[in-house]
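Below are the chains, spelled out letter by letter.
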Amino acid sequence: MAGSDTAPFLSQADDPDDGPVSGTPGLPGSMGIPKSTEPEVPDQEGLQRITGLSSSRSALIVAVLCYINLLNYMDRFTVAGVLPDIEQFFSIGDSSSGLIQTVFISSYMVLAPVFGYLGDRYNRKYLMCGGIAFWSLVTLGSSFIPRERFWLLLLTRGLVGVGEASYSTIAPTLIADLFVADQRSRMLSVFYFAIPVGSGLGYIAGSKVKDVAGDWHWALRVTPGLGVVAVLLLFLVVREPPRGAVERHSDSPPLSPTSWWADLRALARNPSFILSSLGFTAVAFVTGSLALWAPAFLLRSRVVLGETPPCLPGDSCSSSDSLIFGLVTCLTGILGVGLGVEISRRLRRSNPRADPLVCAAGLLGSAPFLFLSLACARGSIVATYIFIFIGETLLSMNWAIVADILLYVVIPTRRSTAEAFQIVLSHLLGDAGSPYLIGLVSDRLRRSWPPSFLSEFRALQFSLMLCAFVGALGGAAFLGTAIFIEGDRRQAQLHVQGLLHEAGSTDDRIVVPQRGRSTRVPVSSVLV
């Protein structure tokens, strides 16, 4: 990294604009200064000098964050893995079962902005340590609730959201401050592998621990012990990198946090961030619904087909579908996340809109396969699993790409707030309400039909078909993101370099050095 260079580092490798463009003289990428003179992204030695961390230490930090992310989702879906047993133990219906996940997501959603604000201003490592320690204690306590206190289970699941909000809003911003360009994309893909893998392990651990112990309560006692290990690893391994240092030059002034309201106004004026968040909301709606209800739906399908005896009061419910669905979730997650990142990386060389277009293709492609999986369930459980496998693979293509979009269209001092805002939006309109909504629709349909195992199956089948429609809407939001992605990325790059003066919605201008003095020109004259 040459200190005399004043062109901004690129947030993404393989920038498609490799020739001069019209604009203001003196700006990178404008007429008179070709793109070829811009510096390369920093190598390993440059990153080590900027962050103060060796490449092996940075990789170890990412590994710790991945472990905690895996544990996070493992805990979230352990409940889904033993849901039929929970329904029998507390004598509750589908709507109350859906409420378990809805209460947790709602708490997580409400607390995310608080930790987003703190994460942009205070030590992120200690915030995560405190949140995960609290989450582990509450999760352990939830395994001792008597059958007469279902409301207490709802309360403890809500408190679990404290720990998860403290982690999910902050961890991706640490990765963003350790790596740039393709390195960042690869590390994010590794980080987001933990979501489907952890979710799958939650189903597997929940069902197998219940079978071994003979009591579903023990399934909730696995992750708290692993949470203690996570806190120790965070405290001993993770170090706080400087915010945004890897994206600016040594001679650029450090970015200072602005007020929370200024952050929100800036995010609201960022169409790529808003539209990609809406697209991700559709992903959350679909995955939240499937995560909670797919094992129960598959069990009801087997009962209707005569392959499995019904789950009657006092009996232990079959956990085979929780185990199989967990394995499918792990495999489709690994395949989908890796496939999405690799396709996007290759297409980005020729198409600057590759990221949102790949996300759109994944969502629009998953919708018909998820619909077919539901439609075929009464005829063939094998066909159902095949269509679920394809649909979940396409759906998983979004995870790492959406995170990458957020990190390169939002400046470093707003990223935790942006993560929090995206969490609020995606959960408020997505998986906070979708499990409860699916269960509520299912209960209403069952009331209009004669009581039978077939009625229970059909009610849940019809209510889950809503997921395919929501997935198509999410694909449309990502297509909208593709319209704005280039300009918003360039604007964030210029802001990091101190070339963008932000003085309100009516006075966003670029500061251009002109013979010893600064001259302001409109953003529109230089943004492509």
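Keep in mind that this is a model prediction, so the values were computed, not measured.

Caption draft 1: Fine view of the overall build of the protein. Secondary structure summary: the protein contains 19 helices and three strands in total. In the protein, which comprises 528 residues, the share counted as buried stands at 58%. Restricting the contact set of the protein to residue pairs at least 6 apart, pairs at least 24 apart contribute 82%.

Caption draft 2: Summary view of helix α19 (residues 466-496). For α19, built from 31 residues, the straight-helix expectation of 45 Å at 1.5 Å per residue is met to within 8% by its first-to-last C-alpha distance of 42 Å. The largest bend in α19 comes to about 50 degrees, at F484.

Caption draft 3: Quick peek at the packing of helix α18 (residues 453-464) against α19. Following both chains from N to C, one finds α18 and α19 inclined at 5 degrees, their axes separated by 4 Å at the closest point. Comparing their axes, α19 and α18 come out roughly parallel. Across from F462, S463 and L464 in α18, the residues of α19 making contact are L466, C467 and A468. For the contact of α18 with α19, the class distribution of residues is five nonpolar, one polar and no charged.

Caption draft 4: Representation of the pattern of salt bridges. Applying the stated criterion across every chain yields a total of eight salt bridges. Between E342 and R345 there is a salt bridge whose closest N-O contact spans 2.9 Å. In this pair, E342 and R345 both sit in helix α12 (residues 320-347), three residues apart, roughly one turn of the helix. You can call E342 partly exposed: its relative accessible area is 29%. Ionic pairing is found between R353 and E486, a salt bridge with its closest N-O pair at 2.9 Å. In this pair, R353 is assigned in the loop between α12 and α13 (354-375) and E486 in helix α19, connecting sequence segments 133 residues apart. When its relative accessible area of 31% is taken as the criterion, R353 is described as partly exposed.

Caption draft 5: Quick peek at the packing of helix α11 (residues 271-305) against helix α14 (residues 381-396). Viewed as axis vectors pointing N to C, α11 and α14 meet at an angle of 175 degrees, and their least axial separation amounts to 11 Å. When the axis of α11 is compared with that of α14, the two are roughly antiparallel. Judged by residue contacts, V286, T287, L290, L298, S301, R302 and L305 of α11 engage I381, T384, Y385, I388, E392 and L395 from α14. Here the residues of the contact of α11 with α14 sort into eight nonpolar, three polar and two charged.

Conventions used here
- Residues numbered from 1 in each chain as written.
- Predicted model: local features only at pLDDT ≥ 70, side-chain atom pairs only at ≥ 80, totals over all residues.
- Heavy atoms only, no water.
- Helix = DSSP H or I, 4+ residues; strand = E, 2+ residues; numbered from the N terminus.
- Buried < 20%, exposed > 50% of the residue type's maximum accessible area, 1.4 Å probe, protein only.
- Contact = heavy atoms within 4.5 Å.
- Expected span 1.5 Å × (residues − 1).
- Bend = angle between axes of the 7 residues up to and from the residue.
- Axes fitted to C-alpha atoms, helices over the stretch in contact; angles between N-to-C directions.
- Parallel < 35°, antiparallel > 145°, perpendicular 65-115°, else oblique.
- Nonpolar A, V, L, I, M, F, W, Y, C, P; charged D, E, K, R; others polar.
- Salt bridge = Lys/Arg side-chain N within 4 Å of Asp/Glu carboxyl O.

Interpretation note: all reported values are geometric properties and have no functional meaning in isolation.
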